[in-house]
Amino acid sequence: MGTLIQLYGFVQYDGTEFRFPGNGLFLIPYQNIACLARRVPEEEFGEGALEERLKDTEWLKGQLMEQEEALERVMKACTVVPLKWGALFRTEEAVQGMLKERYDTIRGLLEKLKGREEWTVRATVDRGKLQEVAGAEDREIQRLQATIERMPSGTAYLLNERLKLLKEEAVQRATGEVIQEIYAQIMIHAEASATAEPVRGAADPEDKDLVFQMAFLVPKERMSGFTQAVLKEARRRHAQGFEVQQVGPFPPYYFCNLELKECPAHE
């Protein structure tokens, strides 16, 4: 068997040599854009073989990490329009045909992402701590607690159930308000946002709930303000039981709407 061409993404191309560390990456150019590509064995990535390979979660995890790490290295040198893993073509001519067909869209995305980075902001909450804080500020909860404390032991079951419900409602209300405020303060410094999936390697402690996770497209000239806003919200919310983190930068997948047909490889 021979090889197939796997595409990682797109970059601007000015005709100069572009060196990539590792991974066997090379460019397939068309006018002033180019594909980031690598050759892969057809015995692994061909139509029937890939279906079997995808059943191996560790293999797939390794492939995804390899592509992400390669794109992150390229991002340090230039703007990248990333592709979802699994875009395969048989020949360079087929890739160039696709570049010609999608040229305007790719050029538009490169311009949109130029000078910008994708960052994820996430917030977790210690629900027990937030319940204490929210309860201390809620007059109805305080009144009900005082009533229960004056009652004989074992006679306040229904009131205790009511108290639990009020505390949960207070937590949900406080969480919603905090999330809205965090988003509003951070979005001032971003150009766009999107709901993000869990960040690789960012595990949550068992006693913390993930309540907010958004990807933001941030112009580099606004990065200082963006980071300061995240730090300010982290300090401001800590006493309520929230932890706010900024993670990245990542390849800007959430802000690219370009998808290519996946396996089997294009003819």
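In what follows, the structure referred to is the one given above.
Residues numbered from 1 in each chain as written. Predicted model: local features only at pLDDT ≥ 70, side-chain atom pairs only at ≥ 80, totals over all residues. Heavy atoms only, no water.

For the rest of this paragraph, the subject is the sheet that holds strand β4 (residues 81–89). Taken in spatial order, the four strands line up as β2-β3-β1-β4 in an open sheet, and their pairing is antiparallel. Here the strands that pair on one side only, and so sit at the sheet edges, are β2 (26–30) and β4. Geometrically, the sheet is characterised by an average inter-axis angle of 30 degrees between neighbouring strands, direction not taken into account. Pairing between β2 and strand β3 (residues 33–41): five bridges, direction antiparallel. By the bridge assignment, P29 is partnered in β3 with A34. (Pairing = 2+ DSSP bridges. Helix = DSSP H or I, 4+ residues; strand = E, 2+ residues; numbered from the N terminus. Axes fitted to C-alpha atoms, helices over the stretch in contact; angles between N-to-C directions.)

Considering all chains together, one arrives at twelve salt bridges under this definition. Between R116 and E191 there is a salt bridge, with its nearest N and O atoms 2.6 Å apart. Pair noted here: R116 is in strand β5 (residues 116–125) and E191 is in the loop between α8 (157–187) and β6 (192–195), with a separation of 75 residues, a long-range link. Between E181 and R237 there is a salt bridge whose closest N-O contact spans 2.4 Å. In this pair, E181 sits in helix α8 while R237 sits in helix α9 (residues 223–237), placing the two residues 56 residues apart along the sequence. Several salt bridges converge on common partners, so that one network encompasses E181, E233, R236 and R237. (Salt bridge = Lys/Arg side-chain N within 4 Å of Asp/Glu carboxyl O.)

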